[in-house]
Protein chains: 2
Amino acid sequence: MIEKTTRMNYLFDFYQALLTSKQRNYMELYYLEDYSLGEISELYQVSRQAVYDNIKRTENMLESYEDKLRLYDKYLKQASIIKQLEMEITDKNLLSLIQQLKEID
Amino acid sequence: MIEKTTRMNYLFDFYQALLTSKQRNYMELYYLEDYSLGEISELYQVSRQAVYDNIKRTENMLESYEDKLRLYDKYLKQASIIKQLEMEITDKNLLSLIQQLKEID
């Protein structure tokens, strides 16, 4: 479950711009703020089932975007190579370039 | 026009997985293979206007994905930093890591 939460947090981070604002709100409360389905359903005055269905659908959408664009997968590969570079590079200027690479946004 | 073609080629490269197969086919013929609208309309037995509308809509979709995900923008930033790294690094092992970074796919 922790593994799934981590994955969903990453996928949400990469693809949230493609979601509707309602999908974003539910996902933020559920995955980032750790609200329960019951708490979200009270907050939005909808049934617990409606919240659950919306979140499941959103999870499937995020996985489908990842299937197609693989941004999380590429991020992991890049992070691993950058880590190796950081371990081998001592030059300050080069390390600063590596830092810039990590901070592209 | 050349600038637009280059941009569309990149956006197509980044987001083609989010298009339908018809959209992909038209875009490939028009932008990659340099077919004219008339040639595509003959090939698919549809009106020139239909091909034009489809391509325009697809271009707008690609720009909308770029607005949201900015993969092309990030790619340009990353390419610029990697170029600087390549100019300053002489160590073979480090250069091989940089090469791996460029080839992530």
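Throughout, residues of each chain are indexed from 1 in the direction in which the sequence is written. Following the order in which they are written, the chains are lettered starting with A and the ligands numbered starting with 1. Side-chain atom pairs in this predicted model are given and counted only at pLDDT of 80 or more, local residue features only at pLDDT of at least 70, and totals for whole chains, interfaces and linings cover all residues. As a convention, hydrogens and water are excluded, and side-chain values are obtained from all of the structure's heavy atoms.

Keep this limit in mind: UniProt positions are given in the numbering used here, feature names are shortened, and annotations may be inferred rather than shown by experiment.
Looking at an unreviewed UniProt entry, one finds chain A named UPF0122 protein D8M06_01235 and attributed to Oceanobacillus halophilus. Its UniProt record gives chain A the following Function (unreviewed entry) comment, quoted word for word: "Might take part in the signal recognition particle (SRP) pathway. This is inferred from the conservation of its genetic proximity to ftsY/ffh. May be a regulatory protein." Heading Sequence similarities (unreviewed entry) of the UniProt record for chain A holds this comment: "Belongs to the UPF0122 family."

## Description of the domain arrangement of chain A
Residue and element names in this part refer to chain A. We apply this condition: An automatic or database domain assignment supplies the residue ranges for each domain. Accessible area that two parts lose when put together, with a 1.4 Å probe and added across both, is what the buried area reports. Each polar contact in these results corresponds to two N or O atoms within 3.5 Å; when the atoms are within protein, one needs to be able to donate a hydrogen and the other to accept it, and residues that are neighboring in sequence are counted only if both atoms are side-chain atoms.
Entries for chain A in the domain assignment read domain 1 (1–69) and domain 2 (70–105). Using C-alpha coordinates to define each centre, domain 1 is positioned 29 Å away from domain 2. Between domain 1 and domain 2 the total buried area reaches about 690 Å² when both faces are included, carbon and sulfur atoms providing 62% of it. Summed over the shared surface of domain 1 and domain 2, the result is six residue pairs in polar contact (both at pLDDT 80 or more).

## Some details on the relation of the copies chain B and chain A
Formally: Superposition of the copies was done by least squares, using only C-alpha atoms of residues whose pLDDT is at least 70 in both. The contact definition used throughout considers only heavy atoms, calling two residues in contact when any of these lie within 4.5 Å.
The transform that puts chain B on chain A rotates by 180° and translates by 0.0 Å along the axis, for an RMSD of 0.0 Å. Between the two chains, the operation in question is that of a two-fold axis. Most of the interface of chain B is mirrored in chain A, where 100% of its interface residues again form contacts.

## So, the nonpolar core
Keep this limit in mind: We call a set of buried Ala, Val, Leu, Ile, Met, Phe, Trp, Tyr and Cys residues a nonpolar core when their side-chain atoms join them within 4.5 Å. Only protein chains enter the accessibility calculation, which uses a 1.4 Å probe; a residue whose area is less than 20% of its type maximum is buried, one above 50% is exposed, and one in between is partly exposed.
Membership of the largest hydrophobic core comes to 38 residues, with the highest contact counts inside it found for Tyr15(A), Ile55(A), Leu62(A), Tyr15(B), Ile55(B) and Leu62(B). The residues touching Tyr15(B), leaving out its near neighbours within four places in the chain, are Leu69(A), Leu62(B), Tyr65(B), Glu66(B), Leu69(B), Arg70(B), Leu71(B) and Tyr72(B). Within the second largest apolar cluster, 18 residues are counted, among which are Leu101(A), Ile81(B), Ile82(B) and Ile104(B).

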